Amino acid sequence: MTLGYTLKPNSQDAIDLRGLVGSGEVPVLQNYRAGALKRTRAGLAKVAAGTGSMVIALAGDSTFRGANGNIADTAWGLNSPAVRLAKLLTARGVPASYQSTFCSGGPDTGGAAFSSHDSRVTLTGSWTNNGGPTAGNYPARGPAGASSYQFTFDGVADTADIWCWQFGAAGGFDVTVDGVAVTTGSPVAQAAGPEAMSKKTVTFPATGAGSHTVLCTRTSGQMSIAGVNVYSSVTPACQVWNLGWGGSKASAWAATTPTFGSPGYAVGQSMQPNLVIFNPMINDWLIGAPTNLATYAADLGTFIDAVSPTCDVILKTGLPTKAATQALSTQSPYVAAMIDVALAKGVPYIDTFARAISWEAQATVGFQDTDSYHPSPAGYQDDAALIYAAIMRA
(Lines give C-alpha, C1' and ligand atoms only; values in the text may rest on other atoms or scores of the structure.)
Protein backbone atom coordinates (compact mmCIF):
# COMPACT_ATOMS: atom_id res chain seq x y z
CA MET A 1 0.00 0.00 0.00
CA THR A 2 1.09 3.63 -0.47
CA LEU A 3 1.93 5.40 2.79
CA GLY A 4 1.99 8.92 1.43
CA TYR A 5 5.38 9.81 2.88
CA THR A 6 8.99 8.64 2.60
CA LEU A 7 10.58 6.64 5.37
CA LYS A 8 14.15 7.72 6.05
CA PRO A 9 16.61 5.12 7.33
CA ASN A 10 17.06 5.50 11.10
CA SER A 11 14.74 8.51 11.09
CA GLN A 12 14.15 10.10 14.47
CA ASP A 13 10.82 11.53 13.33
CA ALA A 14 7.71 10.13 14.99
CA ILE A 15 5.72 7.91 12.67
CA ASP A 16 1.98 7.88 13.25
CA LEU A 17 0.64 4.68 11.71
CA ARG A 18 -3.01 5.28 12.57
CA GLY A 19 -5.02 5.01 9.40
CA LEU A 20 -1.95 3.99 7.39
CA VAL A 21 -1.50 0.31 8.21
CA GLY A 22 -3.54 -2.25 6.34
CA SER A 23 -7.10 -2.96 7.38
CA GLY A 24 -7.10 -4.99 10.61
CA GLU A 25 -3.30 -4.92 10.89
CA VAL A 26 -1.90 -4.06 14.33
CA PRO A 27 1.92 -3.95 14.51
CA VAL A 28 3.23 -5.53 17.72
CA LEU A 29 5.45 -2.59 18.67
CA GLN A 30 4.76 0.84 17.22
CA ASN A 31 6.76 4.09 17.16
CA TYR A 32 9.98 2.14 17.67
CA ARG A 33 12.61 4.64 16.58
CA ALA A 34 16.32 4.23 16.01
CA GLY A 35 18.15 4.33 19.31
CA ALA A 36 15.07 3.44 21.36
CA LEU A 37 15.08 0.79 24.10
CA LYS A 38 18.86 0.91 24.48
CA ARG A 39 18.79 -0.25 28.09
CA THR A 40 16.49 -3.12 27.18
CA ARG A 41 18.66 -4.28 24.31
CA ALA A 42 21.79 -4.07 26.43
CA GLY A 43 20.13 -5.99 29.26
CA LEU A 44 18.91 -8.76 26.99
CA ALA A 45 22.37 -9.04 25.44
CA LYS A 46 23.96 -9.45 28.88
CA VAL A 47 21.47 -12.13 29.89
CA ALA A 48 22.06 -14.00 26.61
CA ALA A 49 25.83 -13.79 27.09
CA GLY A 50 25.62 -14.83 30.74
CA THR A 51 27.36 -11.66 31.89
CA GLY A 52 24.59 -9.83 33.73
CA SER A 53 20.93 -9.57 34.69
CA MET A 54 18.21 -7.08 33.80
CA VAL A 55 14.78 -6.03 35.09
CA ILE A 56 11.49 -5.56 33.25
CA ALA A 57 8.76 -3.90 35.34
CA LEU A 58 5.08 -4.05 34.43
CA ALA A 59 3.60 -0.92 36.03
CA GLY A 60 -0.02 0.15 35.89
CA ASP A 61 -3.46 -1.05 36.89
CA SER A 62 -5.09 -4.29 38.05
CA THR A 63 -4.71 -5.88 34.62
CA PHE A 64 -0.99 -6.02 35.41
CA ARG A 65 -1.63 -7.07 39.01
CA GLY A 66 -3.43 -10.20 37.73
CA ALA A 67 -6.88 -9.40 39.13
CA ASN A 68 -9.71 -11.75 38.24
CA GLY A 69 -13.12 -12.07 39.82
CA ASN A 70 -13.22 -15.85 39.48
CA ILE A 71 -10.09 -16.69 41.44
CA ALA A 72 -9.03 -15.92 45.03
CA ASP A 73 -7.38 -12.54 45.62
CA THR A 74 -4.28 -14.30 46.93
CA ALA A 75 -3.86 -16.02 43.54
CA TRP A 76 -3.60 -12.76 41.60
CA GLY A 77 0.20 -12.54 41.91
CA LEU A 78 0.86 -15.84 40.16
CA ASN A 79 -1.94 -15.14 37.64
CA SER A 80 -0.28 -11.94 36.47
CA PRO A 81 1.26 -11.10 33.10
CA ALA A 82 4.62 -10.64 34.87
CA VAL A 83 4.78 -14.26 35.99
CA ARG A 84 3.48 -15.49 32.65
CA LEU A 85 5.99 -13.33 30.76
CA ALA A 86 8.89 -14.70 32.82
CA LYS A 87 7.81 -18.26 32.06
CA LEU A 88 7.47 -17.44 28.35
CA LEU A 89 10.92 -15.89 28.22
CA THR A 90 12.47 -18.92 29.92
CA ALA A 91 10.62 -21.38 27.70
CA ARG A 92 11.93 -19.56 24.64
CA GLY A 93 15.57 -19.42 25.64
CA VAL A 94 15.86 -16.25 27.74
CA PRO A 95 16.48 -17.15 31.41
CA ALA A 96 13.94 -15.22 33.46
CA SER A 97 12.73 -15.01 37.05
CA TYR A 98 9.53 -13.98 38.82
CA GLN A 99 10.76 -14.64 42.36
CA SER A 100 9.66 -11.25 43.66
CA THR A 101 6.67 -9.46 45.11
CA PHE A 102 5.96 -5.73 45.31
CA CYS A 103 3.25 -3.84 47.20
CA SER A 104 0.86 -6.73 46.79
CA GLY A 105 -1.67 -5.70 49.41
CA GLY A 106 -5.32 -4.97 49.38
CA PRO A 107 -7.74 -3.32 49.78
CA ASP A 108 -6.44 -0.61 47.50
CA THR A 109 -6.60 2.19 50.06
CA GLY A 110 -4.05 3.49 52.54
CA GLY A 111 -4.33 2.77 56.26
CA ALA A 112 -6.56 -0.28 55.82
CA ALA A 113 -5.72 -3.77 57.01
CA PHE A 114 -3.14 -5.34 54.70
CA SER A 115 -4.18 -8.59 53.06
CA SER A 116 -1.95 -10.01 50.39
CA HIS A 117 -2.87 -10.41 46.73
CA ASP A 118 0.09 -12.80 46.46
CA SER A 119 -0.13 -16.25 48.00
CA ARG A 120 3.65 -16.24 48.46
CA VAL A 121 3.43 -13.51 51.13
CA THR A 122 2.58 -14.45 54.73
CA LEU A 123 2.25 -11.85 57.50
CA THR A 124 2.04 -12.12 61.28
CA GLY A 125 0.82 -9.18 63.35
CA SER A 126 -1.68 -6.46 62.49
CA TRP A 127 -0.12 -5.03 59.33
CA THR A 128 -1.64 -2.06 57.55
CA ASN A 129 -1.24 -0.50 54.15
CA ASN A 130 1.14 2.45 54.30
CA GLY A 131 -0.29 5.94 53.99
CA GLY A 132 0.59 6.21 50.31
CA PRO A 133 1.43 3.95 47.38
CA THR A 134 4.94 3.48 46.04
CA ALA A 135 5.42 0.96 43.25
CA GLY A 136 2.28 -1.03 42.67
CA ASN A 137 -0.19 -0.35 45.50
CA TYR A 138 0.78 0.28 49.13
CA PRO A 139 3.75 -1.06 51.10
CA ALA A 140 3.02 -3.15 54.16
CA ARG A 141 3.65 -1.32 57.43
CA GLY A 142 4.44 -3.63 60.30
CA PRO A 143 3.03 -2.89 63.76
CA ALA A 144 5.17 -1.87 66.71
CA GLY A 145 4.62 -5.25 68.36
CA ALA A 146 5.69 -8.68 67.20
CA SER A 147 5.40 -8.84 63.43
CA SER A 148 6.98 -10.63 60.51
CA TYR A 149 6.86 -10.64 56.70
CA GLN A 150 7.59 -13.89 54.87
CA PHE A 151 8.09 -14.41 51.14
CA THR A 152 8.16 -17.90 49.69
CA PHE A 153 10.25 -18.44 46.56
CA ASP A 154 11.31 -21.32 44.35
CA GLY A 155 14.69 -22.47 43.14
CA VAL A 156 18.32 -21.43 43.39
CA ALA A 157 19.11 -18.08 45.00
CA ASP A 158 21.74 -16.50 47.22
CA THR A 159 20.60 -12.87 47.48
CA ALA A 160 17.48 -11.02 48.58
CA ASP A 161 16.83 -7.34 47.95
CA ILE A 162 14.31 -6.07 50.49
CA TRP A 163 12.74 -2.79 49.40
CA CYS A 164 11.69 -0.57 52.31
CA TRP A 165 9.89 2.73 52.60
CA GLN A 166 11.49 4.85 55.30
CA PHE A 167 9.29 7.35 57.08
CA GLY A 168 9.26 9.27 60.36
CA ALA A 169 10.26 6.47 62.71
CA ALA A 170 13.34 4.27 62.52
CA GLY A 171 13.04 0.52 62.74
CA GLY A 172 14.87 -2.72 62.19
CA PHE A 173 14.35 -6.37 61.38
CA ASP A 174 16.24 -9.65 61.32
CA VAL A 175 16.24 -11.86 58.25
CA THR A 176 16.24 -15.65 58.11
CA VAL A 177 16.29 -17.90 55.05
CA ASP A 178 14.74 -21.33 55.50
CA GLY A 179 14.90 -20.74 59.25
CA VAL A 180 18.63 -19.96 59.28
CA ALA A 181 19.53 -16.48 60.53
CA VAL A 182 21.51 -14.28 58.16
CA THR A 183 21.38 -11.00 60.11
CA THR A 184 21.04 -11.96 63.81
CA GLY A 185 23.03 -9.55 65.98
CA SER A 186 23.17 -7.08 63.10
CA PRO A 187 19.56 -6.41 62.09
CA VAL A 188 18.64 -4.62 58.91
CA ALA A 189 18.22 -0.96 59.83
CA GLN A 190 15.40 1.09 58.38
CA ALA A 191 16.31 4.74 58.81
CA ALA A 192 13.96 7.46 59.95
CA GLY A 193 12.79 9.96 57.28
CA PRO A 194 12.97 11.84 55.05
CA GLU A 195 10.51 9.67 53.21
CA ALA A 196 12.26 7.61 50.57
CA MET A 197 12.61 4.16 49.09
CA SER A 198 15.66 2.17 50.10
CA LYS A 199 16.98 -1.26 49.19
CA LYS A 200 18.45 -3.58 51.81
CA THR A 201 20.47 -6.47 50.36
CA VAL A 202 21.20 -9.65 52.30
CA THR A 203 23.17 -12.65 51.09
CA PHE A 204 22.95 -16.27 52.16
CA PRO A 205 24.24 -19.72 51.18
CA ALA A 206 22.80 -20.75 47.83
CA THR A 207 19.52 -22.63 48.01
CA GLY A 208 18.72 -25.63 45.88
CA ALA A 209 15.66 -26.64 43.93
CA GLY A 210 12.28 -26.48 45.59
CA SER A 211 10.47 -24.05 47.85
CA HIS A 212 12.24 -21.68 50.28
CA THR A 213 11.38 -18.75 52.54
CA VAL A 214 12.79 -15.33 53.36
CA LEU A 215 11.44 -14.16 56.73
CA CYS A 216 11.79 -10.58 58.00
CA THR A 217 11.06 -10.28 61.74
CA ARG A 218 10.77 -6.91 63.45
CA THR A 219 13.39 -6.10 66.07
CA SER A 220 12.62 -2.43 66.79
CA GLY A 221 10.42 0.46 65.75
CA GLN A 222 8.26 -0.15 62.71
CA MET A 223 9.15 -1.73 59.41
CA SER A 224 7.57 -0.82 56.11
CA ILE A 225 8.27 -3.34 53.35
CA ALA A 226 7.48 -2.47 49.75
CA GLY A 227 8.74 -5.69 48.25
CA VAL A 228 11.20 -8.57 48.14
CA ASN A 229 13.24 -9.71 45.14
CA VAL A 230 15.17 -12.97 45.42
CA TYR A 231 17.78 -14.05 42.87
CA SER A 232 21.07 -15.81 42.18
CA SER A 233 24.05 -13.47 41.95
CA VAL A 234 25.93 -15.95 39.76
CA THR A 235 23.16 -16.89 37.31
CA PRO A 236 22.13 -13.95 35.09
CA ALA A 237 18.42 -13.69 34.35
CA CYS A 238 15.73 -11.31 33.18
CA GLN A 239 13.83 -10.44 36.35
CA VAL A 240 10.20 -9.55 35.69
CA TRP A 241 8.54 -7.40 38.38
CA ASN A 242 4.80 -7.03 38.92
CA LEU A 243 4.07 -3.39 39.83
CA GLY A 244 0.36 -3.57 39.03
CA TRP A 245 -1.87 -1.47 41.30
CA GLY A 246 -5.59 -2.18 41.35
CA GLY A 247 -7.76 0.91 40.93
CA SER A 248 -4.89 3.21 39.97
CA LYS A 249 -5.31 5.99 37.44
CA ALA A 250 -2.58 7.71 35.47
CA SER A 251 -2.63 10.57 37.98
CA ALA A 252 -1.57 8.21 40.78
CA TRP A 253 1.63 7.34 38.90
CA ALA A 254 2.43 10.96 38.09
CA ALA A 255 3.53 11.75 41.66
CA THR A 256 7.29 12.13 41.35
CA THR A 257 8.55 13.57 44.65
CA PRO A 258 9.95 11.33 47.43
CA THR A 259 6.85 11.32 49.62
CA PHE A 260 4.07 8.85 50.29
CA GLY A 261 2.06 8.39 47.15
CA SER A 262 4.90 8.82 44.65
CA PRO A 263 5.32 5.75 42.44
CA GLY A 264 6.90 7.82 39.67
CA TYR A 265 9.72 8.66 42.06
CA ALA A 266 10.00 5.11 43.39
CA VAL A 267 10.26 3.47 39.96
CA GLY A 268 12.43 6.05 38.23
CA GLN A 269 14.78 7.21 40.98
CA SER A 270 14.98 4.21 43.30
CA MET A 271 14.11 0.96 41.54
CA GLN A 272 15.42 1.83 38.05
CA PRO A 273 14.47 -1.24 36.00
CA ASN A 274 15.90 -1.50 32.48
CA LEU A 275 12.40 -1.34 31.01
CA VAL A 276 9.04 -0.11 32.33
CA ILE A 277 5.92 -1.18 30.43
CA PHE A 278 3.21 1.26 31.54
CA ASN A 279 -0.52 0.62 31.08
CA PRO A 280 -2.77 2.87 33.23
CA MET A 281 -5.98 3.44 31.32
CA ILE A 282 -9.12 1.48 32.20
CA ASN A 283 -9.66 3.16 35.58
CA ASP A 284 -9.51 6.57 33.95
CA TRP A 285 -12.71 5.72 32.08
CA LEU A 286 -14.21 3.38 34.73
CA ILE A 287 -13.86 4.89 38.21
CA GLY A 288 -15.97 7.95 38.91
CA ALA A 289 -16.27 10.59 36.21
CA PRO A 290 -13.98 9.84 33.26
CA THR A 291 -10.67 11.68 33.59
CA ASN A 292 -10.28 14.81 31.51
CA LEU A 293 -8.31 13.74 28.43
CA ALA A 294 -5.81 16.59 28.61
CA THR A 295 -5.17 15.76 32.27
CA TYR A 296 -4.76 12.08 31.44
CA ALA A 297 -2.22 12.87 28.72
CA ALA A 298 -0.31 15.25 30.99
CA ASP A 299 -0.12 12.60 33.73
CA LEU A 300 1.29 10.04 31.30
CA GLY A 301 3.88 12.58 30.19
CA THR A 302 4.87 13.37 33.77
CA PHE A 303 5.50 9.71 34.53
CA ILE A 304 7.54 9.25 31.36
CA ASP A 305 9.64 12.33 32.18
CA ALA A 306 10.25 10.99 35.69
CA VAL A 307 11.45 7.53 34.70
CA SER A 308 12.98 7.93 31.23
CA PRO A 309 16.34 9.32 32.46
CA THR A 310 17.03 5.91 34.03
CA CYS A 311 14.61 3.48 32.35
CA ASP A 312 13.33 2.59 28.90
CA VAL A 313 9.56 3.05 28.58
CA ILE A 314 6.93 1.31 26.48
CA LEU A 315 3.34 2.55 26.77
CA LYS A 316 0.60 -0.07 26.52
CA THR A 317 -3.03 0.76 25.81
CA GLY A 318 -5.71 -0.85 27.97
CA LEU A 319 -7.91 -3.79 27.22
CA PRO A 320 -11.46 -2.83 26.19
CA THR A 321 -14.19 -2.75 28.82
CA LYS A 322 -17.57 -4.33 28.13
CA ALA A 323 -19.61 -1.83 26.11
CA ALA A 324 -22.60 -2.19 28.45
CA THR A 325 -20.34 -1.00 31.31
CA GLN A 326 -18.65 1.85 29.45
CA ALA A 327 -19.33 2.92 25.86
CA LEU A 328 -16.55 2.35 23.36
CA SER A 329 -16.99 5.97 22.33
CA THR A 330 -15.81 6.91 25.83
CA GLN A 331 -12.93 4.42 25.85
CA SER A 332 -11.40 5.13 22.44
CA PRO A 333 -10.28 8.74 23.10
CA TYR A 334 -8.00 7.51 25.92
CA VAL A 335 -6.31 5.17 23.48
CA ALA A 336 -5.79 8.04 21.06
CA ALA A 337 -4.47 10.25 23.89
CA MET A 338 -1.90 7.63 24.96
CA ILE A 339 -0.71 7.18 21.39
CA ASP A 340 -0.39 10.96 21.00
CA VAL A 341 1.79 11.03 24.12
CA ALA A 342 3.94 8.16 22.83
CA LEU A 343 4.51 10.02 19.57
CA ALA A 344 5.26 13.30 21.33
CA LYS A 345 7.65 11.72 23.84
CA GLY A 346 9.31 9.40 21.34
CA VAL A 347 8.54 6.17 23.18
CA PRO A 348 7.28 2.92 21.63
CA TYR A 349 3.79 1.67 22.37
CA ILE A 350 1.77 -1.54 22.25
CA ASP A 351 -1.82 -1.07 21.09
CA THR A 352 -3.56 -3.76 23.11
CA PHE A 353 -6.92 -2.06 22.62
CA ALA A 354 -6.81 -2.24 18.81
CA ARG A 355 -5.57 -5.83 18.88
CA ALA A 356 -8.44 -6.92 21.14
CA ILE A 357 -11.10 -5.12 19.03
CA SER A 358 -13.65 -5.22 21.87
CA TRP A 359 -14.47 -6.91 25.17
CA GLU A 360 -17.10 -8.93 23.34
CA ALA A 361 -14.59 -10.19 20.76
CA GLN A 362 -12.20 -11.16 23.55
CA ALA A 363 -14.97 -12.93 25.46
CA THR A 364 -15.86 -15.01 22.41
CA VAL A 365 -12.48 -16.75 22.60
CA GLY A 366 -12.46 -17.00 26.41
CA PHE A 367 -10.06 -14.15 27.09
CA GLN A 368 -12.29 -12.07 29.40
CA ASP A 369 -13.44 -12.48 32.99
CA THR A 370 -17.13 -12.13 33.78
CA ASP A 371 -16.60 -8.78 35.57
CA SER A 372 -16.60 -6.68 32.36
CA TYR A 373 -12.99 -5.49 32.41
CA HIS A 374 -10.42 -8.03 33.66
CA PRO A 375 -8.92 -10.81 31.53
CA SER A 376 -9.44 -14.49 32.24
CA PRO A 377 -6.32 -16.59 32.96
CA ALA A 378 -6.23 -17.40 29.23
CA GLY A 379 -6.52 -13.69 28.49
CA TYR A 380 -3.60 -12.92 30.77
CA GLN A 381 -1.56 -15.56 28.97
CA ASP A 382 -2.45 -13.95 25.64
CA ASP A 383 -1.45 -10.54 27.00
CA ALA A 384 1.90 -11.91 28.20
CA ALA A 385 2.49 -13.35 24.72
CA LEU A 386 1.86 -9.91 23.21
CA ILE A 387 4.33 -8.28 25.61
CA TYR A 388 6.89 -11.00 24.84
CA ALA A 389 6.55 -10.38 21.11
CA ALA A 390 7.02 -6.64 21.62
CA ILE A 391 10.14 -7.12 23.76
CA MET A 392 11.65 -9.44 21.17
CA ARG A 393 11.35 -6.60 18.66
CA ALA A 394 13.78 -4.52 20.75
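Look up a bit, the structure's there.
Below or above, wherever it landed, is the structure these notes cover. Values in this document were obtained by computation on a predicted structure and should not be read as measured data. The written sequence of each chain sets the order in which its residues are numbered from 1. Side-chain atom pairs in this predicted model are given and counted only at pLDDT of 80 or more, local residue features only at pLDDT of at least 70, and totals for whole chains, interfaces and linings cover all residues. Side-chain numbers come from the whole structure's heavy atoms, not from hydrogens or water.

Observations concerning the overall build of the chain
And step 1. Helix and strand assignments follow DSSP, with helices taken as H or I runs no shorter than four residues and strands as E runs no shorter than two, numbered in order from the N terminus. Helix and strand content of the chain: twelve helices and 20 strands.
And step 2. Relative accessibility decides the category of a residue: with a 1.4 Å probe and only protein chains considered, values under 20% of the type maximum give buried, values over 50% give exposed, and everything between is partly exposed. In the chain, which comprises 394 residues, the share counted as buried stands at 55%.
And step 3. Contacts are residue-level and defined by heavy atoms, with any inter-residue pair within 4.5 Å sufficient. Taking the intrachain contacts of the chain between residues at least 6 apart in sequence as the baseline, contacts between residues at least 24 apart amount to 74%.
And step 4. When the accessible surface of the chain is summed, it comes to about 14500 Å², and 55% of that surface belongs to carbon and sulfur atoms. Calculation of accessible area relied on Shrake-Rupley with a 1.4 Å probe; when residues are assessed, cover is drawn exclusively from the protein chains displayed.

Some points on the pairing of strand S1 (residues 54–60)
And step 1. Burial within S1 is extensive, with seven of its seven residues counted as buried.
And step 2. Judged by which residues are buried, S1 turns out to be covered on both faces: Met54, Ile56, Leu58 and Gly60 on one side and Val55, Ala57 and Ala59 on the other are all buried.
And step 3. Two strands make a pair as long as DSSP finds a minimum of two bridges between them. The pairing of S1 with strand S18 (residues 275–278) spans four bridges and is classified as parallel. Pairing of Ala59 across the sheet is with Phe278, part of S18.

Looking at the packing of helix H6 (residues 263–271) against helix H8 (residues 293–307)
Angle between the axes and distance between the axes are the two parameters that describe a pair of packed helices.
And step 1. An axis is simply a line fitted to the C-alpha atoms; with a helix, the fit covers only the stretch in contact. Between two such axes, the angle follows the N-to-C directions and lies from 0 to 180 degrees. Following both chains from N to C, one finds H6 and H8 inclined at 25°, their axes separated by 8 Å at the closest point. By the angle between their axes, H6 is roughly parallel relative to H8. Between H6 and H8 lies a crossing whose hand is right-handed. On the side of H6, the interface is formed by Gly264, Val267 and Gly268, while H8 contributes Phe303, Ala306 and Val307.
And step 2. Residues are sorted three ways: Asp, Glu, Lys and Arg are charged, Ala, Val, Leu, Ile, Met, Phe, Trp, Tyr, Cys and Pro are nonpolar, and all the rest, Gly among them, are polar. Counted by class, the contact of H6 with H8 contains four nonpolar, two polar and no charged residues. Throughout this description, any angle smaller than 35 degrees is read as roughly parallel, any larger than 145 degrees as roughly antiparallel, any in the 65 to 115 degree range as roughly perpendicular, and the remainder as oblique. Crossing handedness is read from the near helix: turned anticlockwise from the far helix by less than a right angle, it gives a left-handed crossing, and turned clockwise, a right-handed one.

Overview of the pattern of salt bridges
And step 1. What counts as a salt bridge is simple: a side-chain nitrogen of Lys or Arg found within 4 Å of a carboxyl oxygen of Asp or Glu. Taken as a whole and assessed by the stated rule, the structure comprises five salt bridges.
And step 2. Of the charged contacts, one joins Lys316 and Asp383 as a salt bridge, the two residues approaching to 2.9 Å between their closest N and O atoms. Residue Lys316 is located in strand S19 (residues 312–316), and its partner Asp383 is located in helix H12 (residues 377–391); the two are separated by 67 residues in the primary sequence.
And step 3. Taking relative accessible area as the criterion, Asp383 reaches 4% and is therefore assigned buried.
And step 4. Across the pair Asp382 and Arg355 runs a salt bridge, and its minimum N-O distance is 2.9 Å. With Asp382 in helix H12 and Arg355 in helix H10 (residues 352–356), this residue pair connects regions lying 27 residues apart in the sequence.
And step 5. Residue classification places Arg355 among the partly exposed positions, given a relative accessible area of 37%.

Here we look at the environment of Ile282
And step 1. The residue Ile282 is located in helix H7 (residues 282–286) in this model.
And step 2. Given the relative accessible area of 1%, Ile282 is considered buried.
And step 3. Separated by 34 residues in the primary sequence, Ile282 and Ser248 place their C-alpha atoms 9.0 Å from one another.
And step 4. With residues up to four places along the chain from it excluded, the contact list for Ile282 reads Asp61, Thr63, Gly318, Leu319 and Tyr373.

Comments concerning the sheet that holds S18
And step 1. Pairing in this open sheet of six strands is parallel, and the strands run S2-S17-S1-S18-S19-S20 from one edge to the other. Strand pairing shows two members of the sheet lacking a second neighbour, strand S2 (96–97) and strand S20 (349–350), which therefore form its edges.
And step 2. On the sheet, helix H1 (residues 38–49) packs against S1, strand S17 (238–244), S18 and S19 and is oriented at approximately 135° with respect to S1.

Some words on H12
For an α-helix, the turn length of 3.6 residues means that residues three or four places apart are oriented alike.
And step 1. What a helix is expected to span follows from its residue count: subtract one and scale by 1.5 Å. Its 15 residues give H12 an end-to-end C-alpha distance of 21 Å, which sits within 8% of 21 Å, the value for a rise of 1.5 Å per residue.
And step 2. If you check which residues of H12 are buried, you get Gly379, Tyr380, Asp382, Asp383, Ala384, Leu386, Ile387, Tyr388, Ala390 and Ile391.

Things to note about the side chain of Asp299
And step 1. Summarising the element assignment, Asp299 is placed in helix H8.
And step 2. The sign given to each residue is positive for Lys and Arg and negative for Asp and Glu; His and the chain ends receive no count. Buried within the structure, Asp299 lacks any salt-bridge partner; its nearest side chain of opposite charge belongs to Lys249, at an N-O separation of 9.2 Å.
And step 3. When neighbours within four sequence positions are excluded, Asp299 is seen to be in contact with Ala250, Ser251 and Ala254.

A few points about the pairing of strand S15 (residues 211–221)
Sheet faces and side chains relate simply in a regular strand, where the side chains alternate between the two faces.
And step 1. Where strand S9 (residues 148–154) and S15 come together, seven bridges link them in antiparallel fashion. Note on S15: the bridge partner recorded for Asp154 is Ser211.
And step 2. Where strand S11 (residues 171–177) and S15 come together, seven bridges link them in antiparallel fashion. If you follow Gly171 over to S15, its bridge partner there is Gly221.

Focus: helix H9 (residues 328–345)
And step 1. Helix length check: H9 (18 residues) gives 26 Å between terminal C-alpha atoms against 26 Å at 1.5 Å per residue, within 8%.
And step 2. Taken residue by residue, H9 has Gln331, Tyr334, Val335, Ala337, Met338, Ile339, Val341, Ala342 and Leu343 as its buried positions.
And step 3. Those residues of H9 that are buried are in contact with S18, H7, H8, S19, S20 and H10.
And step 4. Looking one or two places after H9, you find Gly346, whose phi comes out positive at around 75°.

So, the packing of aromatic side chains
And step 1. Aromatic pairing here means that ring centres of Phe, Tyr or Trp (its six-membered ring) are within 6.5 Å. Orientation follows from the plane angle: under 30 degrees is stacked, over 60 is edge-to-face, and everything else is tilted. Within the structure shown, the criterion is met by nine aromatic pairs.
And step 2. Three or more aromatic residues joined by ring pairs form one cluster here, namely Trp245, Trp253, Phe278 and Phe303.
And step 3. For the cation-ring pair, Arg92 lies above Tyr388, with the distance from its terminal atom to the ring centre recorded as 4.8 Å. By definition, being over a ring means that NZ of Lys or CZ of Arg is both within 6 Å of the ring centre and within 35 degrees of the ring normal.

Overview of the packing of H8 against H9
And step 1. The geometry of H8 relative to H9 is characterised by a closest axis approach of 9 Å and an angle of 40° between their N-to-C directions. Taken together, the axis directions place H8 and H9 in an arrangement best described as oblique. For the crossing formed where H8 meets H9, the hand is right-handed. Along the contact surface, H8 presents Leu293, Tyr296, Ala297, Leu300, Gly301, Ile304 and Asp305, while H9 presents Pro333, Tyr334, Ala337, Met338, Val341 and Lys345.

Functional significance is not addressed by these values, which are geometric in nature.
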